[in-house]
Amino acid sequence: MTQSRAVAAQDGDGLAVGELIGLNPEIARSAIGALDSGRTDEAAELIAALHYAEVADLLEQLNPDHRAAAVDILAPAFPPEILPELDEAVLEDVAERLGDRRLAGAIAGLESDDALLLIAALDETQQRQVMQAIPAALRAALEQGLAYPEDSAGRLMQRDLVAVPTFWTVGETIDYLREADDLPNDFYDIFVVDPGHRPVGTVALSHVLRTRRPVPMRDLSRREVATVPVGMDQEEVAYAFAQKNLVSAPVVDDGGRLIGVITVDDVVDVIHEEAEEDLMRLGGVTGTDIYEAAIDTGKARFSWLFVNLLTAILASIVIGFFEATIERIVILAVLMPIAASMGGNAGTQSLTVAVRAIAMRDLTSANAWRVLSKEGLVGLLNGVLFALIVGLVAWVWSGEVSIGLVMAAAMAVTMAIAGIAGTAIPFCLSRTAIDPAVASGVLLTTITDAIAFLAFLGLAAWWLL
C-alpha cells in the first residue's frame, strides 16, 4: 500500500473517504520536504501515488522553485489530465516549464473541450507556438473553437460525440459502438440525427443496452431535445442543466446542425467558476490572488480600494455638512458609526440574497416589487428592534433621552432603506450590462453610509439644536 493510500485508509471508512477529501496535508508536507532537501526519488514516488487532481493541488501549494522541480519529475510522462485542474496563474508556470513540445503533446492527449480551455489560457505567443506543434486535425478544431466568444457554449463543448441516423436499429447502434475507434472516452446519451445532421432525439446509453436489437432508434428516442445554441453564455447553459436535470445536451450551430456536446461534469466546473467569480467580485479580488506575486496582487486590488476611497470621501462630505452640530454635541461623533455599520451589514445581507436570486433566476421583473417590499419590511422590523437596543445604549451612554431617541429613529430609517437598497441595486444593475456582483457592493456602501450619517446627524441637528 502506498503512503497516500495508507493515510487515506486510516480514516474510519477507508480509502474512498480519503480520496474524496482531496490532497492529504501529510502527503503534501512530505513531498515539500523531499523537494526541499533534494530527495527527488522520494518526491517522485510520493507524486506518482497521487490522483491527477491531487497532483494539481500539490503543484498549486508549492513555491515556484519546488513547482519547477516537481514538473521536471513529471515531465518525461506528464499526465495531461493535470493541466485542466490547475489554477490559471499556476498553469502559466507549469506550461512555461514544460516547454512548447511537451505541452503540445499533453494537450493532444486531452478531450477537445479541455484542450480548448488550455489553449485559450496561454498567452498569445505561447499559444501560437504550441498550436504549430499540435496535429493538424486538432489544430483546426481548436482554431474553430477559439473563434467562439469566451464563456460561450462553443468554448465549453466537446466535439467528440455519438450520433446515429434515424433509420438505424438498436442492434446497428450497438455494433457501431463496439467497432468504432473514434468514440469519446465517456458519454451518456446517443443523439439521433436527421439527414441534415440536426438532432431529432436523444437516447440514454442505458436504454440502448436494455432494448432488443430490432427496435428502431427513432422509436426509442426522446423527441424533446434540449439543444444548446453554440453562442449561448455558459451561465445560461448551467442554468438550463439545473432546470431540466440534464446529463448532457447537444450543441447546435446557427443552422441547427449538431456540432458538439456539453456534459454535466463540464457544467459542474462552470457552476463552481461562476459562484467563485461572483464571490470574489463582491470583494474586489480575483481567484488567482493567492498564487500571484505580491506586487501583482497589490496592483489588482488598488483600483477597487481606490473606488472605496472615493465612496468614503462622499460619506465624509455628508458628515462635513453637520460639522457645527458635532462640535456642539461631541458624543454624536462617537455614536454615528453604529448606525452606518448596522446599515451596511443589513444591506449586505439583502445584497447577498439578491445577487444569488438573480443568478438563479429567482428574482425577476415579475416578482421584484414583492421582494423589494419584503426586504424593506424586514429591514424596518429589524431596525425597530435594534432601535430599542441602541436607543437605550445611547441614552445610558450620553445621559440624555433625546440623544437615545435620535439614535433609535436613525437606526430604524437606516436599516429599512438598507434592506431596500440591498435588493434594488443589484436588480437595477442586472437590467443593464453591468454585473451586479461587481458594482453592487460599492454603491451599497455609499448609500448606506450616506443615509446613516444624514439620518442621524440630520435628526440631531433638527431635534436637538
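Read on for a plain summary of the structure.

A tally of helices and strands in the protein yields 23 helices and six strands. Taken against the 2.2 N^0.38 rule, which gives 23 Å for 465 residues, the C-alpha radius of gyration of the protein at 29 Å runs more than 25% over that of a compact globule. Projecting the C-alpha coordinates of the protein onto the three principal axes gives extents of approximately 90 × 65 × 50 Å. Within the protein, buried positions represent 42% of all 465 residues. Within the protein, residue pairs in contact and separated by at least 24 positions form 64% of the contacts whose partners lie at least 6 positions apart. Carbon together with sulfur atoms contributes 58% to the accessible area of the protein, which is approximately 24,500 Å² in total. Here the protein holds 30 positive side-chain charges and 63 negative ones, and the gap between their average locations is 7 Å.

By the element assignment, Ser 221 lies in the loop between helix H15 (217-220) and strand E4 (228-229). Looking at Ser 221, its side chain comes within polar contact range of the main-chain oxygen of Arg 218, at 3.2 Å. When neighbours within four sequence positions are excluded, Ser 221 is seen to be in contact with Val 192, Gly 201, Thr 202 and Val 203.

Turning our eyes to something else, we now look at the pairing of strand E2 (residues 189-193). Burial runs high along E2: five of the five residues are buried. Each parallel crossover has a hand, and the one from strand E1 (residues 163-165) via helix H13 (residues 170-179) to E2 is right-handed. Where E2 lies against strand E3 (residues 199-204), five bridges are found, and the strand directions are antiparallel. Bridge pairing in E3 links Ile 190 to Val 203. From the end of E2 to the start of E3, which pair antiparallel, there are five residues, and His 197 there has a positive phi angle of about 60°.

Together, Glu 85, Glu 88, Glu 92, Glu 96, Asp 123, Glu 124, Glu 150, Asp 186, Asp 265, Asp 269, Glu 273 and Glu 276 line one region of the surface with negative charge. Of all the elements in the fold, those that place two or more residues in the negative patch are helix H7 (88-98) and helix H17 (264-282). Per-element accounting of the negative patch gives the leading share, four residues, to H17. Counting through the fold element by element, Glu 96 comes out in helix H7.

Within the fold, Ile 317 resides in helix H18 (residues 294-320). In this structure, the C-alpha to C-alpha distance between Ile 317 and Ala 226, residues 91 residues apart in sequence, is 55 Å.

The next point concerns the nonpolar core. Judged by nonpolar contacts, the single largest core of 43 residues is most densely connected at Leu 59, Leu 83, Leu 86, Val 94 and Ile 134. Setting aside its immediate chain neighbours within four residues, Ile 134 contacts Ala 104, Ile 107, Ile 119, Arg 139 and Leu 142. Core analysis: the second largest hydrophobic core is formed by 31 residues, Ile 331, Val 390, Val 406 and Ala 455 among them.

Bringing the sheet that holds strand E5 (residues 248-252) into the picture now. The mixed open sheet is built from three strands, whose spatial order is E4-E5-E6. Bordering the open sheet on either side are E4 and strand E6 (258-263), each of which pairs with just one other strand. In the sheet, E4 pairs with E5 via two bridges, with the strands oriented parallel. Following the sheet pairing, Pro 229 is matched in E5 by Val 252.

Now for the side chain of Gln 126. Relative to the helices and strands, Gln 126 resides in helix H10 (residues 124-133). Taking relative accessible area as the criterion, Gln 126 reaches 12% and is therefore assigned buried. With residues near it in sequence (within four places) discarded, Gln 126 still touches Ala 95, Glu 96, Asp 100 and Leu 103.

Cut-offs applied
Residues numbered from 1 in each chain as written. Predicted model: local features only at pLDDT ≥ 70, side-chain atom pairs only at ≥ 80, totals over all residues. Heavy atoms only, no water. Helix = DSSP H or I, 4+ residues; strand = E, 2+ residues; numbered from the N terminus. Rg over C-alpha atoms; globule rule 2.2 N^0.38 Å. Buried < 20%, exposed > 50% of the residue type's maximum accessible area, 1.4 Å probe, protein only. Contact = heavy atoms within 4.5 Å. Areas by Shrake-Rupley, 256 points an atom, 1.4 Å probe, with all protein chains shown as cover. Lys, Arg positive; Asp, Glu negative; His and termini not counted. Charge placed at Lys NZ, Arg CZ, Asp CG, Glu CD. Polar contact = N/O pair within 3.5 Å; in protein donor to acceptor, adjacent residues only side chain to side chain. Right-handed = clockwise from strand over helix to strand, strands pointing away. Pairing = 2+ DSSP bridges. Patch = residues over 30% accessible without salt bridge, like charges linked within 9 Å, V, L, I, M, F, W, Y side chains within 5 Å. Salt bridge = Lys/Arg side-chain N within 4 Å of Asp/Glu carboxyl O. Core = buried A, V, L, I, M, F, W, Y, C linked by side-chain atoms within 4.5 Å.

Scope: geometric values only; no functional claims are made or implied.
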